[in-house]
Amino acid sequence: MTAVAVRPPWHPSQLLVGNASLVWLVPGLAAVAVLFVWPITNLLLVSLDGAVGTKSPYLAVLTEPIYLRVISNTAVSSLGTTIVCLLVGYPTAYAIHVLPPPWRLVVLLSVLFSYAVGTMPRAFSWIVLLGDRGLVNQALMSAFDLREPVQMLYNQAGVIIGMTHVMLPFMVLTLLGAMARVPDRLVPAARTMGAGPLRAFALVFLPLTMPGILAGMMMTFIYSLGFYVVPAVLGGAGQTTTVMILRDLTVGQGRWGIGAALSITMIVICILGAAVYVSLARIGEIEEH
Amino acid sequence: MSFAGSVPGRAVTDPTLSCGAPVEVSELRKLYGSVEALQAATLSVRQGEFVSLLGASGSGKSTLLKLIAGLERATSGSIRLGGIDATSLPSERRGIGMVFQDYALFPTMTVEANIAFPLRMRGVRGDEAKSRIARVAEMLRLEPLLARKPSQLSGGQQQRVAIARAIVFDPQILLLDEPLSALDKNLREQTKGEIKALHQRLGLTIVYVTHDQSEALAMSDRIAVMDHGRIVDVDTPQALYARPRSSFIAQFLGQANLLPVTVLDRSATGCTVESLWGALSIGAANVALEPSAGRGARGLAVLRPEHLRIADEPAGDGRPRVRATVVQVLYHGCETLYRATCEASQLSLALKETRPASRSYALGEDMQVEVDPAHIVVVPALQDGT
C-alpha cells in the first residue's frame, strides 16, 4: 500500500514557510526597482548621452579644474568630518559604555536629542557661535588678548564643524554597538595578567572595536559626501560641494548630461569607499576565523 | 598528561619553579548596593594548598574569588597574598594567574600571543619568552596550535590555552573560576586529572571555584563550602564527606539520607539516639550536636546510601534492621540505587548496592535494610523556617 500524501487546503499561513515566504520580498524589490534602479539607470543613460559637442561629459568632469576642485573639496570635508567624528566620538562612546545603566541612558538620550532639531537650524546656530562677534570668538579674544577674530566660518573648518555636529551621533551609536559586543571579561582578564588600564585598553579593547571604527568611518564618509545645507550655510565660496554644483548645473543651467556624469562619479567614489571598508572588514574576519 | 609523582600533596620536581604563596582572607565583606554578596569571610590558604570554594550560584564563591583577584573592591576586610597586604592593590600588581569560566581568550590574538601576553606585560621578550611559552605549550600539549586563533580551537583546547596563559609567568597563586563547567563530561574527567597533576608538579597555591561537589571532592586539599554569602565550613574532603557538621553540608556533598532522631542519652563518649532502627549508640566523633543538646533534643542522622546494606540472609548478625518496600530502582552497571519506604514511619531511604553478586529487588518487593552505627553522623535538626 502506498501512503497517500495529505494535501491540506490552501491557507495564507503557508506563505510563512519555505519558498512561498519569498513573496514578502516583492514589495521591497518593487520599490527598489522603481525608486532606485530605474532612476539610476536613467541617470547613467543621460550621462552617456549628454555629450557636449564631441566631448563626453565624463571627460569634462575628470579634466575641468572646477569639477576636480569641487570633488576634492567634498572629499576633503568628508574625510575631515570622518576623522573629527572618530576622535570626538570614540571617547564619548567609551564614556557612555562604561557608565552605569541609568546614566548611560541619560547621556545617550542627550546625544540623540540633537536630532530633535533639524539640520538647517543647527547649521545657522553655528553662525551665532562661530561668527566674528560670536560667543566662541569673544571668549577667545578676551582670553588670549587677540586683536582679530579667528576665522571659523565660511571656510573648511566651519564646514567640518557643522558636518561633525550632524554626523557625530551616528558615529557614537555605531561605536557603542561595537563596544557592547566586546566580551565583558577580556579587559579584567588582561588586568589579572599584569596589564595596567591603558595597556589593557590599547591591546585588548581597542582592537576588538576596530570593526565598529571602520563601519562608523565608512558611514560618516559616504553620508558626508552628500551634504548640502551645512556647507551652503557654513562654507564660503571655496567650499562649494558636488551637491551644490549639481543643483546649479541641473536646476539652474539645465546641463543634465554633465550633471548626470558628476552624479555617477560621486556614486563611484561612494562605492570605492564602501569597497575599502568591505575589504578591511573581511581581513578582520579572516583573522578571526 | 603523565607526570612523575602522583604522590599526594606537593611534589615539586623542578627547583626553579615557584612554590606557591599563602592566601589569607580576613573578615572580607562585599556589598552590592544593599545586597551582602559576601559576609565577613575568613579563609587561610596555605602555601601550595589546593582549596576549593564550593557553593551554589549566588553563594558568594565567585565574589570571593573576584576579590582575591582584585577584580572587585572589598567593602571591608583584608586580603594578604604571599604575606603582603593586597586589599587595595590593582589586579595587575597582585601577581596572580587566573583562569576564567569562559576562558577569556583574546580573540584578535593567536594562541601564542595569548600565552605571551602576561610575559609581554612583564617585559619578558625574546628567547626567555620563547622558552617559557615552549615549556607551557609542551606541558599542555599546545605546540601544534600556537599559530591558531582561539575561534579555531575546541572548548577543551581553549581551556588548555587559558591555563597555559595563567601559569606561563610562574605565578605563586592560581585562581580558577569554574574552569570545567563548559566542557563535556569525558573531557571534564580528564581535565580534572590534568589540573591536579599541574598542581602537584608546579606546587603553586590554587583557589578553585566550583559548584560541582565531585570536582571539589576529587581535587582539593580542603574545601570551603559556601552558602548565602557565608563560608559555612572548611575542611578536608574526607572529613566533610564522612563527618559533616550540618545537614546542609551532608546534603551538599554527595547524597545523604537525613532521618529524624531523638537523643535518649548524651555523655562524653557519645550519645544514644532513638531512630528508625530503634536505639543506636553513636561515638562522640560522629556527634555534631550543640553541647547543650541533651536528652530529648532532636537531631538528624546522616546516612550515606552506600552505608546502608540490604540484608539478604534471613537471620540477623546483630546489626539493626528495618523492613522497607522498594519504590524505585536505578541500575547504573557498577551499582544499583534503590529507594525504599518504611511502612511504619513513611520514611524514604536511598540505598546504593555495589556488590555485583547480590540479588536484585523489584518494585514493590520488601527488603531488610541493615545499618552500621559506626557510619552514622548526628547533626542538629533544621531550625523551623530554614
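All of these numbers come straight from a predicted model, not from anything done at the bench. (Residues numbered from 1 in each chain as written. Chains lettered and ligands numbered in written order. Predicted model: local features only at pLDDT ≥ 70, side-chain atom pairs only at ≥ 80, totals over all residues. Heavy atoms only, no water.)

## What about the sheet that holds strand β13 (residues 278-283) of chain B?
All names here are of chain B.
- In space, the five strands of this open sheet follow the order β13-β12-β11-β14-β20, with antiparallel pairing throughout. Strands with a single pairing partner mark the edges of an open sheet, and in this sheet they are β13 and β20 (377-380). Neighbouring strand axes in the sheet, compared pairwise and without regard to direction, differ in orientation by 45° on average.
- Sheet topology places strand β11 (residues 257-267) next to strand β14 (residues 298-303); six bridges connect them, and they run antiparallel. Note on β14: the bridge partner recorded for N257 is L303. (Pairing = 2+ DSSP bridges. Helix = DSSP H or I, 4+ residues; strand = E, 2+ residues; numbered from the N terminus. Axes fitted to C-alpha atoms, helices over the stretch in contact; angles between N-to-C directions.)

## Some words on the packing of aromatic side chains
Residues and elements named next belong to chain A.
- The full count for this structure, using the stated rule, is eleven aromatic pairs over all chains.
- With a centroid separation of 5.5 Å and 35° between ring planes, the pair formed by F170 and Y223 is classed as tilted. Separated by 53 residues along the polypeptide, F170 in helix α7 (residues 156-180) and Y223 in helix α10 (residues 210-225) bring together distant segments of the chain.
- Residue classification places F170 among the partly exposed positions, given a relative accessible area of 27%. (Phe/Tyr/Trp six-rings, centres within 6.5 Å; stacked < 30°, edge-to-face > 60°. Buried < 20%, exposed > 50% of the residue type's maximum accessible area, 1.4 Å probe, protein only.)

## Points about the confidence of the model for chain B
Residues and elements named next belong to chain B.
- Of the residues in chain B, 93% reach a pLDDT of 70 or more, and the chain-wide mean stands at 88.
- In the model, residues 1-17 has pLDDT below 50 throughout and makes 27 contacts with residues more than four positions away in sequence or in other chains.
- Overall fold confidence (pTM) sits at 0.82, and the ipTM for the predicted complex is 0.81. (pLDDT = per-residue confidence, 0-100. Contact = heavy atoms within 4.5 Å.)

## Structural notes on the interface of chain B and chain A
- Listed by partner, the interface residues are 25 residues for chain B and 20 residues for chain A.
- In this assembly, chain B packs against chain A so that about 2000 Å² is buried in total across both faces, 63% of it on carbon and sulfur atoms.
- Linking chain B with chain A are three salt bridges, by the criterion used here.
- Residues R191(A) and E92(B) are paired through a salt bridge, measuring 2.7 Å at the closest nitrogen-oxygen approach.
- Taken together, the connections running from chain B to chain A amount to three residue pairs in polar contact (both at pLDDT 80 or more).
- Elements supplying a minimum of two residues to the side of chain B that touches chain A: β6 (96-99) and α2 (111-121) of chain B.
- Element by element, the count of residues in the side of chain B that touches chain A is highest for α2(B), at four residues.
- Tallied by class, residues from the side of chain B that touches chain A come to 13 nonpolar, five polar and seven charged. (Buried area = accessible area lost by both parts, 1.4 Å probe. Salt bridge = Lys/Arg side-chain N within 4 Å of Asp/Glu carboxyl O. Polar contact = N/O pair within 3.5 Å; in protein donor to acceptor, adjacent residues only side chain to side chain. Nonpolar A, V, L, I, M, F, W, Y, C, P; charged D, E, K, R; others polar.)

## Quick look at a nonpolar patch on the surface
- A surface patch of nonpolar side chains, amounting to about 530 Å² of accessible area, comprises L16(A), V17(A), V23(A), W24(A) and V26(A).
- Position of V23(A) relative to the elements: it lies in the segment before α1 (26-49). (Patch = residues over 30% accessible without salt bridge, like charges linked within 9 Å, V, L, I, M, F, W, Y side chains within 5 Å. Areas by Shrake-Rupley, 256 points an atom, 1.4 Å probe, with all protein chains shown as cover.)

## Things to note about the pairing of strand β12 (residues 270-275) of chain B
Residues and elements named next belong to chain B.
- In the sheet, β11 pairs with β12 via five bridges, with the strands oriented antiparallel. Paired with T262 across the strands is E274, a residue of β12.
- Note that β12 and β13 share six bridges and pair antiparallel. Directly across from E274, in β13, lies its bridge partner A279.

## Regarding unusual backbone geometry
Residues and elements named next belong to chain B.
- The backbone phi angle of D170 is positive, close to 55°, even though this residue is not glycine.
- By secondary structure assignment, the location of D170 is in the loop between α4 (155-167) and β7 (173-177).
- Residue classification places D170 among the buried positions, given a relative accessible area of 18%.
- In the Ramachandran plot, E178 falls in the positive-phi region, its phi being about 40° despite a non-glycine side chain.
- Residue position: E178 is located in the loop between β7 and α5 (185-202).

## Concerning empty space enclosed by the protein
Residue and element names in this part refer to chain B.
- For the coordinates displayed, the defined rule picks out two cavities of 30 Å³ or more.
- There is about 60 Å³ of room inside the largest cavity.
- Lining the largest cavity, in full, are R141, G156, Q159, R160, L183, L187, Q190, T191 and E194.
- Among the secondary structure elements, those contributing two or more residues to the lining of the largest cavity are α4 and α5.
- Of the residues forming the lining of the largest cavity, the biggest block, four residues, is contributed by α5.
- Counted by class, the lining of the largest cavity contains two nonpolar, four polar and three charged residues. (1 Å grid on protein atoms, 1.4 Å probe; cavity = no way out; pocket = protein on both sides within 12 Å on 5 of 7 lines; lining within 4 Å. Points joined across faces, edges and corners; volume = space filled by probe spheres on them.)

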